[in-house]
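This is what each chain is made of:
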Amino acid sequence: MKKFGFLVVVVLFFAIVAFYSDREGDIKTRLRVGDSSYMDAVSITQKRDGIIKWILNADKAVFVTENEIKLASLRISFPEKDLTLTSDTGLYDVEKRDLKIEGNIKAATKDYDIVAKTLYWDSSTNEVMSDEQVHIVGKKFSVQGDDLVATNDKAKLKNNVKAIFYAK
């Protein structure tokens, strides 16, 4: 009787596997999102042609929706530019690959610091934008403006731009 019961269970198991593998389309396991789904100590490294382009670290990544991940205590390093950006929070859109960074943003290089309240990175255009005041402080200058648009090789401050240059 035990052998018969075992045989029935094995046949049922293979029937279920055959049923699901015969169905068209992908079988996807749905991830439940919300405050109960998160990762601690997240680190993501982006390489191109074997060269590290950026490294993102966050103390916590919370799945807000299937496409949005909220990052806490964010730090992004750009080794080629010797630039490190820190922020309180960020919101990453998985589908679009865009990143909105908020709260006490500071981007630091050896020559200058950039301070802002919000930044938005559009991955399709590879531009960083802000519609709030941005302040750039160097050893011999200080510039601030109400809007920022930056690409790989240049940054433009617009609206209410004020600059101060210091003499030696």
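What counts, and where the lines are drawn
- Residues numbered from 1 in each chain as written.
- Predicted model: local features only at pLDDT ≥ 70, side-chain atom pairs only at ≥ 80, totals over all residues.
- Heavy atoms only, no water.
- Helix = DSSP H or I, 4+ residues; strand = E, 2+ residues; numbered from the N terminus.
- Contact = heavy atoms within 4.5 Å.
- Core = buried A, V, L, I, M, F, W, Y, C linked by side-chain atoms within 4.5 Å.
- Buried < 20%, exposed > 50% of the residue type's maximum accessible area, 1.4 Å probe, protein only.
- Salt bridge = Lys/Arg side-chain N within 4 Å of Asp/Glu carboxyl O.
- Phe/Tyr/Trp six-rings, centres within 6.5 Å; stacked < 30°, edge-to-face > 60°.
- Lys NZ or Arg CZ within 6 Å of the ring centre and 35° of its normal.

S.K.: I'd like a rundown of the side chain of Ser-77, residues and numbers included.
M.R.: For Ser-77, the position within the fold is in strand S3 (residues 68-78). Ignoring any residue separated from it by four or fewer positions in sequence, one finds Ser-77 in contact with Lys-53, Trp-54, Ile-55, Leu-83 and Thr-84.

S.K.: Would you mind going over the nonpolar core in detail, with residue names and values included?
M.R.: Counting 22 residues, the largest nonpolar core has Leu-71, Ile-76, Leu-85, Ile-101 and Leu-119 as the members making the most contacts within it. Put simply, the parts of the chain that give this core at least two residues each are strand S2 (51-63), S3, strand S4 (83-93), strand S5 (98-108), strand S6 (112-122), strand S8 (134-138) and strand S10 (147-150). For Leu-119, the contacting residues outside a window of four places in its chain are Leu-85, Leu-99, Lys-100, Ile-101, Ile-105, Val-128, Met-129, Ser-130 and Leu-148.

S.K.: Would you mind going over the pattern of salt bridges in detail, with residue names and values included?
M.R.: Enumeration over the complete set of coordinates arrives at three salt bridges. The residue Asp-113 makes a salt bridge to Lys-106 at a minimum N-O spacing of 3.8 Å.

S.K.: Quick one: what's the story with the environment of Leu-56, residue by residue and with numbers?
M.R.: Checked against the element boundaries, Leu-56 lands in strand S2. Spatially, the C-alpha atoms of Leu-56 and Val-42 are 7.8 Å apart, while their sequence positions differ by 14 residues. Each residue touching Leu-56, except ones within four places of it in the same chain, is listed here: Val-42, Ser-43, Ile-44, Leu-71, Leu-74, Arg-75 and Ile-76.

S.K.: Pulling in residues and values, what's your account of the packing of aromatic side chains?
M.R.: Per the counting criterion, the structure on display carries zero aromatic pairs. If you follow Lys-60 out to its NZ or CZ, it ends over the ring of Tyr-38, 4.3 Å from the centre.

S.K.: Lay out unusual backbone geometry in plain terms, naming residues and giving numbers.
M.R.: With a phi close to 65°, Arg-97 is a non-glycine residue in the positive phi region. Relative to the helices and strands, Arg-97 resides in the loop between S4 and S5.

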